[in-house]
Structure formats: C-alpha cells, structure tokens
There are 2 protein chains.
Amino acid sequence: MPELTERAQFLLKALTERYIREGQPVGSRTLARDAGLRLSPATIRNVMADLEELGLVSSPHTSAGRIPTVQGYRVFVDTLLSVKPLDDALLNELRTNLDADSESRDLVATVSSLLSDATRLAGIVTLPRRKHASLQRVEFLPLSEKKVLAILVISDKEVRNCILRTEQAYSAAELQQYSNFLNQQFAGRDIDDVRGRLLSELRETRETLDRMMATALQMADQVLGQAEQGSDYVLAGQTNLMEFQELCNVATLRHLFEAFNEKRQILHLLDQCVENEGVQIFIGEESGYQMLDECSLVTAPYSVDGQVLGVLGVIGPTRMAYERVIPIVDATARILSAALNSRNKAPY
Amino acid sequence: MPELTERAQFLLKALTERYIREGQPVGSRTLARDAGLRLSPATIRNVMADLEELGLVSSPHTSAGRIPTVQGYRVFVDTLLSVKPLDDALLNELRTNLDADSESRDLVATVSSLLSDATRLAGIVTLPRRKHASLQRVEFLPLSEKKVLAILVISDKEVRNCILRTEQAYSAAELQQYSNFLNQQFAGRDIDDVRGRLLSELRETRETLDRMMATALQMADQVLGQAEQGSDYVLAGQTNLMEFQELCNVATLRHLFEAFNEKRQILHLLDQCVENEGVQIFIGEESGYQMLDECSLVTAPYSVDGQVLGVLGVIGPTRMAYERVIPIVDATARILSAALNSRNKAPY
DNA sequence: TGTTAGCACTCCCGGTCAATGAGTGCTAGA
DNA sequence: TCTAGCACTCATTGACCGGGAGTGCTAACA
C-alpha cells in the first residue's frame, strides 16, 4: 500500500482504534476531534472517501460513520499497530500458573483458561503432537480373561493407556514376556518408525516365528494405531464470546459453537498456523470458514527443541483489542514452550 | 388435586399438548376445536378461568391464549401424561451404538451423544462413581529420575494413571517390589477401606518398619487421593438448545452455558437424582437454580448390581415433548445399566 | 493546490397513531 | 349447565413524522 499518504495511514489507525474501543461507526467530526490533527471534518471526509475507494473502510449506510473493512484491519494489524508491551503482573501470572509438571492434557487446559481469562475471549490450545515421538516403553497388564491393559510411555509426561480385547487369555507372565521383548526391540525409537517395522515384521514372520512374538507385535500395533489419532484441542471461555454485540445473534453463535464441537474445521485452520513462526492472525473471512466470518483468530505455535508441537491462540470478534491480545498470545506461546522445554531436559 | 373435574383435566392435557407442539398460547376457540369435546369456546373459557385460579395455567397478557404454568406441567407430567411406547428402531439404535467394551469415559460420552441425538436436546451423563469400588491392582513404573507412573486398575474397564513426583529416584526393581507388596496386601479390597488402612498404617509404622513399605504406602495414598475426586459429567448437544425460541436470548443462553462450564451447580442438582429410582423430572424453577428457570431436566439413575453409579438425562426447554423424552431417558438408563452389568460379569 | 465552510441530502431511529385480530370476561337466555 | 353475544383488552403491524448524525458536493479561501 504505498499509495497511502502518511495522513491517510494516521487516520485509518485512529479510526480503527476508536472503532475497536467504542464499537460505533466513526464520523468525520468525531475523528477530527479524536485524531488530534488540526483538520476540519470536511478534510477528513475527503480522506475517508479515498480510504473507502481503496476498500479499507466502509460505511454501513449513507449517513453513518465509517468502520474498517477486513482489508482495513489487515493494514492496521500489519503496518500501523503499536503493540502494547505486556504488563509484568500479567506475565507473572501466566508464568506462575503454569505448573510445568502436570500432564499434557491438564497443562493444555490450564493454558487455555489462562488465555481466555487474560484476553476475555475464547482461548484455544491444541494438544501437543510430536511428529517424531520416541517410544519410551510398553507394558501389558492382564485385566480380565480376554482383556489386556496396554500402557504406552512416550515421555515423562505423556502416557497413554488403552484396553485391548484379545482372542484368548494370556497370563501375566506371558504378557510380561511380550513387553520385555518389545521394549528390548523398540524402546527409544521413533513411534512411526516402530509402527512401520511392526507391520513389516508381522508380514514377514507370520509363519516362521513363534506365536508369542506375533501376538506381541499385533498388540503393539493396535495400541499405536489408537494412540496416534489424538489430534485435538482444548477450548476455554467460549461464553466470553456471548458478551460481544456483534456476535450476539443466536444463529451466529450457534454456527460457531457447532464448529467448536465438530472440531474438524477448527483443527484444519489451526494446522495452517503450525508452519508459520510467530503470531499469525486471521481476520474475518480470511479464515475461509463461514462460521468465523465475524471473528478473528490470533495464534502462535509452541514448540520444544525447535520442533513445533502445537498451536495456541484466541478467538474473538473481528473488533478485538489486537494491540493487547497479540502480545498475550505471543508471550503465552513462549512461556508454554519454555515450560515444556525445561521439564523435558530433566535427565532420564 | 381432587378438585379437578375430569373435564378440566382433559382440557389441561389438551392445552399442554397443543402448547408443547405449537409453542403458542392456546385460545379457547382453538382448544374447543382441538380437544374434540363438543363444547363451545365460552364453556372452555369458564374451565380455563378455574384452571387459572388453581395456578395451573396463565396467560401472558389479557388477550392471549393460555399456557401451562410450572404447576400445570407438573400435573400434566405426574397424572395426565400418556407416555409413548418407545419405537423399536430407536431402541435398537441405542442398543447397538453402545459398545459395552469401551472405557467408562468413552462410554459415557457415547451415551451422552445418543441421548442428545435421540431427543434433539442436550444430553448429560455423569461419570460412574462407585461408592465401594474394589482395587484390582496397582503398578508403578519409573518414568524419569524423580517421576513415577502409578497405574490403578479398578475394574476391567476402569483404569487410572497418574504421574507422581518423588523425593528421590527409585529403580524399576524397587518399584516392582512396592507394587507387589501393595497388591498382596490390598488387591480386591474396597478402595475407601484401603485408604483408611493406608493412613493408619502410615502413622503406626513410621519408625518401626523399613522405608520401602512407607514409600509404597505413601505413593498409593497419593494415587488414591487423586483418583477419587473425579466427580464429573459429559455433556453433548448443547447447541441443540439454541434452536428453541424460549431460550434464544443471549443472556439466558449465557447463564446456562456458564453453568455447564462451572459444573458445580449442575452436579449438585444431579446428585439429588441419585437417590430416586426411575425417572425424575425437574420443571422450570423447581430445580432451584436460576439458570434453569426456563428449562426442564429429565433424569434417571443407572446402576450395576443394584448399586447406583451415576445419573443420566437431558436438559431442554420447559416446553419439551415429555411423552417422547421420558421413555428415551428411561430406556437409555436401563440399556446403559445392562451394558455395564453384562461386562462386569465377565470372569476375571 | 490543499483546506474549509456551507448546504442539501440520505438514512437510521424512536415515537405516535390507527387498524387489525385474537382472545377474554361477563351477562343473559336456552 | 351450557352457550351465544357483546364489549373490552392488548399485542402486533404498518405508516408516518421529526430529529439527529453524517455524508457528498460545491464554492470560497489561504
């Protein structure tokens, strides 16, 4: 946008800020007073006409003031925004409330609440999912005649268990043997890797090797299959969204909440943010999903050892206090990453 | 209500049914046509005046029809309602969709969805919580230097694990020893019982016995303490509630959804239904909670071996199709109980 | 050439008003 | 005991009007 004069930029900024604050279309008279430039309303009107032609502002009807369009917000966020430094009290609160020792799921839930409390919007955090997680160990325990409890230790904070139904009964000793065997073979290896090997070994050795190994492999495969599909997120403070007038009609809310329940679409959107480093923002229709047409999504990925594990962010109305929200999201992502890192470094 | 003539009862029933169907206040003319009695509107009006005096119906304003009051619904539900027999297709769907082998939490989530789908309302199911669960066994696995994974097997479908931080490092062998010891001592016993013993033993033997046992007891106590607090429920289909006009203002919805998130109040209400056997209904303000003023709650407890484990039900607007909803809730509770029972009987 | 004052115009919003229609309470008669 | 009739009440709807806020345009001014 090099065509934008400095004055136009300044006014767009002032207009957007005021609109975000007040929620009302901003007229030329108000803007003249508000902006502090010693210009008459008439002059402002001329500038506004230019901005409107560029598609950065629009008026809901002829005799209302102007409001920023999605493109207007875009320019505002990308080039005009002066981000507020995060206030220390809040930063401390974020830090101290993160108990780095809790399990992933709880940790994620906490972060989600923190985000929603700090911004008064809806907080969202995906569960950490590492592309290359290594398997620390496997255990099998007999539950009842044909049920086996499989426990999969991935790291010192990620444990999954699932109940397997088996064709026949196995004794504790047998199961012990199986898990020993598997741990010997696979402990410390990448999970995808393990799965690949399992499959190929299963095929190869079906007849030749003894039954024990086949069973062990089969079980392990079952567990891994179930463990892997856990792409999910935790949402908090949805009800905060009900406070905003622009979202306050039931149809809009319904679509939004249904999307939250469905998860699929939201997840897909969040996935797009994984690649981007740092804060990423979707404004209104930019997301490409209808139910988010009147919302913005501010996200940031979090990571351990340079490997991105997930995305966190907030969802709120397009008209949100970006200059406050952006640093919060940014900081939270850093703090979460740090928390995950520090405990990951604990020696085994 | 012996003062109610047969005719008055019949008309109250007709009025309530019509109002539930149409959602509009019912006038005397309509009712005269609808009820099939060969009475003129004027006569009906007289009866209505009586019903109004008894507090069973009311009119939103002078020249509108009548709608049932909470007391009116009460009489309707308690004495007038003709419950529809459940249609077999639905029954089958409920049965087949319950995978009796999944874990409690998943099972509960499924039931919740089934309820909400079948009724087009919000389904709610509390997690099973047995007063006297017996401990099947305990396992400890080393995770990292000062972290231990504790696994608590309660039944062949209920497993809890939690990560303990310990003061010092323990070897796999040590942990094995501990769990062996605990299993020997406590396997098969009631969990509360176990906890009590743990505490007393801890006190008694602090100095006398060897450190191993003390640690084992301490760990077990930690796990049990964490495992027990799990009073919770799973909700499904909240968004269904947004379809109803009477709930369609944002303030009402907000209170409702906030209560859903809080859980405390709802849980308290559900707890009251545990004692009652069979379907229990709270209509409007009867619940005593403001956010449910315009809602009704239809619940039924589910149980295994005559022991009530939890409550399930649906939440919807006061104006709901009770004659359809009640049998669904009832049947679902039975089916869930049966499912839990059958698999519980599997020999160990 | 950029800025400003003035002015006519547009459109939303809130209030008033009257017509309509649904439904009621009451009364008198069958 | 029931019913027909009638006057009355009240929500809803649509039309209308005036005020207010803000605009675009034009012409004058620095």
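Residues numbered from 1 in each chain as written. Chains lettered and ligands numbered in written order. Predicted model: local features only at pLDDT ≥ 70, side-chain atom pairs only at ≥ 80, totals over all residues. Heavy atoms only, no water.

The next thing to look at is the interface of chain B and chain A. With 37 residues of chain B at the interface, the matching set in chain A holds 37 residues. Of the roughly 3,400 Å² buried at the junction of chain B and chain A (both faces included), carbon and sulfur atoms supply 59%. Where chain B meets chain A, there are two salt bridges. Measuring nitrogen to oxygen at the nearest pair gives 3.4 Å for the salt bridge that ties Glu243(B) to Arg254(A). Those elements giving two or more residues to the side of chain B that touches chain A turn out to be strand 4 (137-144), strand 5 (147-153), strand 6 (159-165) and helix 10 (250-262) of chain B. Its residues placed into classes, the side of chain B that touches chain A shows 15 nonpolar, eight polar and 14 charged. (Contact = heavy atoms within 4.5 Å. Buried area = accessible area lost by both parts, 1.4 Å probe. Salt bridge = Lys/Arg side-chain N within 4 Å of Asp/Glu carboxyl O. Helix = DSSP H or I, 4+ residues; strand = E, 2+ residues; numbered from the N terminus. Nonpolar A, V, L, I, M, F, W, Y, C, P; charged D, E, K, R; others polar.)

As a further point, take the relation of the copies chain B and chain A. Superposing chain B onto chain A takes a rotation of 180° combined with a translation of 0.1 Å along the rotation axis, leaving an RMSD of 0.2 Å. The relationship between the two copies is best expressed as a two-fold rotation axis. For chain B, the smallest separation between a C-alpha atom and the rotation axis is recorded for Val250(B), amounting to 3.5 Å. Interface overlap between copies: 100% of the residues of chain B at the interface are likewise at the interface in chain A, consistent with a symmetric, same-surface contact. (Least-squares fit on C-alpha atoms with pLDDT ≥ 70 in both.)

Now for the sheet that holds strand 4 of chain B. Residues and elements named next belong to chain B. Within the open sheet, the three strands sit side by side as 4-5-6. Their pairing is antiparallel. Both edges of this open sheet fall to strand 4 and strand 6, since each of them pairs with a single strand only. Along the sheet, successive strands turn relative to each other by an average axial angle of 20°, direction set aside. In this sheet, strand 6 lies alongside strand 5 in antiparallel orientation, the contact comprising seven bridges. Paired with valine 148 across the strands is leucine 164, a residue of strand 6. Docked against the sheet, helix 7 (residues 172-186) engages strand 4 and strand 5, running at close to 165° with respect to strand 4. (Pairing = 2+ DSSP bridges. Axes fitted to C-alpha atoms, helices over the stretch in contact; angles between N-to-C directions.)

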